[in-house]
Amino acid sequence: MIEITIGILGLLIAWFTYKKTFLDKPKEEIEHLTIQFKATQATSMKVRNNLIKLSTEYGLGSSELFSGMTIDHYIKLMTDSYEKSLNDKLLTEMLALKPSKSMLRSMISSLEKQHAELMTLETGTNASLLSV
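This write-up is about the structure you can find in this document. Keep in mind that this is a model prediction, so the values were computed, not measured.

### Some words on the nonpolar core
V47, L51, L54, M69, I71, Y74, I75, M78, L118, L121 and L129 form the largest nonpolar core, which has eleven residues in total. Those elements that provide at least two residues to this core are helix 2 (27-56), helix 3 (71-85) and helix 5 (101-131). In this structure M69 touches S63, E64, Y74 and L77, once residues within four positions along its chain are discounted. The next biggest cluster of nonpolar side chains, apart from the first, holds ten residues, and it includes F37, Y82, M107 and I108.

### Brief notes about helix 5
The periodicity of an α-helix, 3.6 residues per turn, causes residues three or four places apart in sequence to face the same way. Across its 31 residues, helix 5 extends 45 Å between first and last C-alpha, which sits within 8% of the 45 Å expected from 1.5 Å per residue. Of all the positions in helix 5, only K101, L104, M107, I108, L111, H115, L118, L121, E122, T125 and L129 are classed as buried.

### Quick word on the pattern of salt bridges
Tallied over the full model, the rule gives four salt bridges. A salt bridge links K38 to D88; its shortest N-O distance comes to 2.7 Å. One end of the pair, K38, is in helix 2; the other, D88, is in helix 4 (residues 88-96), with 50 residues separating them in the sequence. Judged by relative accessible area, which is 40%, D88 ranks as partly exposed. Taking the shortest distance from any N to any O, the salt bridge between D80 and K76 comes out at 3.2 Å. Placement of the pair is D80 and K76 together in helix 3, with a separation of four residues, close to one helical turn. Residue D80 is classed as partly exposed on the basis of its relative accessible area, which comes to 30%.

Rules behind the numbers
- Residues numbered from 1 in each chain as written.
- Predicted model: local features only at pLDDT ≥ 70, side-chain atom pairs only at ≥ 80, totals over all residues.
- Heavy atoms only, no water.
- Core = buried A, V, L, I, M, F, W, Y, C linked by side-chain atoms within 4.5 Å.
- Buried < 20%, exposed > 50% of the residue type's maximum accessible area, 1.4 Å probe, protein only.
- Helix = DSSP H or I, 4+ residues; strand = E, 2+ residues; numbered from the N terminus.
- Contact = heavy atoms within 4.5 Å.
- Expected span 1.5 Å × (residues − 1).
- Salt bridge = Lys/Arg side-chain N within 4 Å of Asp/Glu carboxyl O.

Here's what the structure looks like:
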């Protein structure tokens, strides 16, 4: 009888663990994704605005930002990227699909990497604006 009780308890623990891990709504991950998305979105806009300022106010649009990449061309790429992957409609559509926790973690990781790269670029553009 004790073996059956232990077996049932083991199954219940396994079920609750599975439910908590895979079936519960990933509230924390959704909040983290939303915060990371908004931060990446805001940083992207700041960088793009800084680059536009360097291009229009200081006439540096044809200057190379990276090897083979002018400021004006990068502004265009950033604008296209923003429209495709950082607009509010996309976030709403992503969340409406009710992604799994693992999918949310993957999206968060991708946004964190993108945000880190944008922060580096923001630092560089801020320094360029100060030196012009």
